[in-house]
Amino acid sequence: MPLDVYPYVARRVLAPAFDAMRGAHTMDCLAELEQSQWWPADRLQELQSERLQRLVQHAYAHVPFYRETMAEHGLAPSDIRNASDLFRLPILTKTAVRTQLRRLISDTCEPSSLLRGTTSGSTGTPLVFYGTRHDQIDRGYARTARAFQWAGLRMGDRFAYVGRIRNASSPIGRVVQRASNTAKRVLHVDPDQLDETSMAQTVDMLRQSRLRGLSGYPMSLAVI
């Protein structure tokens, strides 16, 4: 298939098909992001404030950590109206996430439905966190696709990802995941396998792979 045709097929045919197999809504979320990115600043700020208020109200009602934290600081959800009010909330530290993780999870979420994620750990121990399918797959994949577009990388362009991949938990999910990675033409490089012995081989592989983009953990990319 000609190189310039594949991104069109990936966007119009393959991505919607994988959404259907996953029961996901990534492409709908991507379409929403692509439309809203051209809105005027005042309309974007209005949307930002509306969603921030909903988030704070939900956190106060359903997340023990934030309900207690806001009470300690004498705050009610109505006190956080827009981004300029966020300074009134204390900064969430890594220590708090590690020691209060269960109390940072909304009581509306079934633990079994959450997806586990981690940071790269480049500044120390990887930080564990949890998210919903809607956040990490629907909106998460859509945010990544838009960011790639801003960098000039179209859906279906060949690229390499240097980072850990969260494997699907079910056999069917793993099949869909492998097929999706193949369709996306992503070359995976495991950062945990990068050492002095393998580095030259890894760099040669990247050079010979006719890539249009390189993504991954900043520390690993800097080393490469």
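*Asks:* Explain unusual backbone geometry to me, please; I cannot follow it from the model alone.
*Replies:* Leaving glycine aside, a negative phi is the common case for residues, and trans is the common case for peptide bonds. A positive phi angle, near 55 degrees, is found at R185, a position not held by glycine. Within the secondary structure, R185 sits in the loop between helix 7 (171-184) and strand 4 (186-189). The phi dihedral of R210 falls on the positive side, at around 50 degrees, and the residue is not glycine. Along the chain, R210 turns up in the loop between helix 8 (196-208) and strand 5 (213-216). What makes R210 exposed here is its relative accessible area of 72%.

*Asks:* Can you help me understand helix 1 (residues 6-22) in this one?
*Replies:* Given 3.6 residues per turn, any residue in an α-helix points the same way as the ones three and four places further on. Considering bend angle alone, the principal kink of helix 1 is centred on L14 and spans about 35 degrees; proline P16 follows within four residues of it. Listed in full, the buried residues belonging to helix 1 are Y6, P7, A10, R11, A15, F18 and D19. Buried residues along helix 1 sit against helix 2 (26-36), helix 6 (133-150) and helix 7. Where helix 1 terminates, the next one or two residues include G23, which has phi positive at roughly 70 degrees.

*Asks:* Explain the state of the cysteines here, please?
*Replies:* Throughout this description, disulfide means a covalent bond between two cysteine sulfur atoms. Applying the stated criterion across every chain, the model contains zero disulfides. Free cysteine C29: the closest other cysteine sulfur is in C109, separated by 16 Å.

*Asks:* Please clarify how the side chain of D138 should be interpreted in this entry.
*Replies:* With respect to the element layout, D138 can be found in helix 6. Although D138 is buried, it makes no salt bridge; R133 carries the closest opposite charge, 5.5 Å away. Engagement of the side chain of D138 in a polar contact is seen with the side chain of H134, the distance being 3.2 Å. With residues near it in sequence (within four places) discarded, D138 still touches A24, H25, T26, C29 and R133.

*Asks:* Teacher, can you tell me more about the packing of aromatic side chains here?
*Replies:* Geometry of an aromatic ring pair is reported as the spacing of the ring centres plus the angle between the planes. Scanning all chains against the criterion turns up three aromatic pairs. Judged by centre distance (5.3 Å) and plane angle (90 degrees), the ring pair of F65 and Y66 falls under edge-to-face. For F65, a relative accessible area of 14% corresponds to the buried category. Over the face of the ring belonging to W39 we find R43, whose NZ or CZ atom lies 3.7 Å from the ring centre. The ring of Y6 carries R185 above its face, with NZ or CZ at 4.3 Å from the centroid.

*Asks:* What should I look at first to understand the pairing of strand 5 in this one?
*Replies:* Within a regular strand, the side chains alternate between the two sheet faces. Burial along strand 5 is one-sided: the face carrying G213 and S215 is buried and the face carrying L214 and G216 is not. In the sheet, strand 3 (residues 159-162) pairs with strand 5 via four bridges, with the strands oriented parallel. The partner of Y161 across the bridge, within strand 5, is S215.

*Asks:* In this structure, what is going on with the confidence of the model for the protein chain? I would like to understand it.
*Replies:* Low pLDDT means the predicted coordinates in that region are not meant to be read closely. Averaged over all residues, the pLDDT of the protein chain equals 91, while 99% of them reach at least 70. Model confidence for the protein chain, summarised as mean pLDDT per element, is weakest for helix 7 at 82 and strongest for helix 3 (residues 41-62) at 98.

*Asks:* Please clarify how the pairing of strand 1 (residues 115-118) should be interpreted in this entry.
*Replies:* Side chains of strand 1 alternate between two faces, with L115 and G117 buried and R116 and T118 left unburied. The pairing of strand 1 with strand 2 (residues 128-131) spans four bridges and is antiparallel. Each bridged residue has a counterpart across the sheet, and for R116 the counterpart in strand 2 is Y130.

About the thresholds
Residues numbered from 1 in each chain as written. Predicted model: local features only at pLDDT ≥ 70, side-chain atom pairs only at ≥ 80, totals over all residues. Heavy atoms only, no water. Helix = DSSP H or I, 4+ residues; strand = E, 2+ residues; numbered from the N terminus. Buried < 20%, exposed > 50% of the residue type's maximum accessible area, 1.4 Å probe, protein only. Bend = angle between axes of the 7 residues up to and from the residue. Contact = heavy atoms within 4.5 Å. Disulfide = S-S within 2.5 Å. Lys, Arg positive; Asp, Glu negative; His and termini not counted. Salt bridge = Lys/Arg side-chain N within 4 Å of Asp/Glu carboxyl O. Polar contact = N/O pair within 3.5 Å; in protein donor to acceptor, adjacent residues only side chain to side chain. Phe/Tyr/Trp six-rings, centres within 6.5 Å; stacked < 30°, edge-to-face > 60°. Lys NZ or Arg CZ within 6 Å of the ring centre and 35° of its normal. Pairing = 2+ DSSP bridges. pLDDT = per-residue confidence, 0-100.

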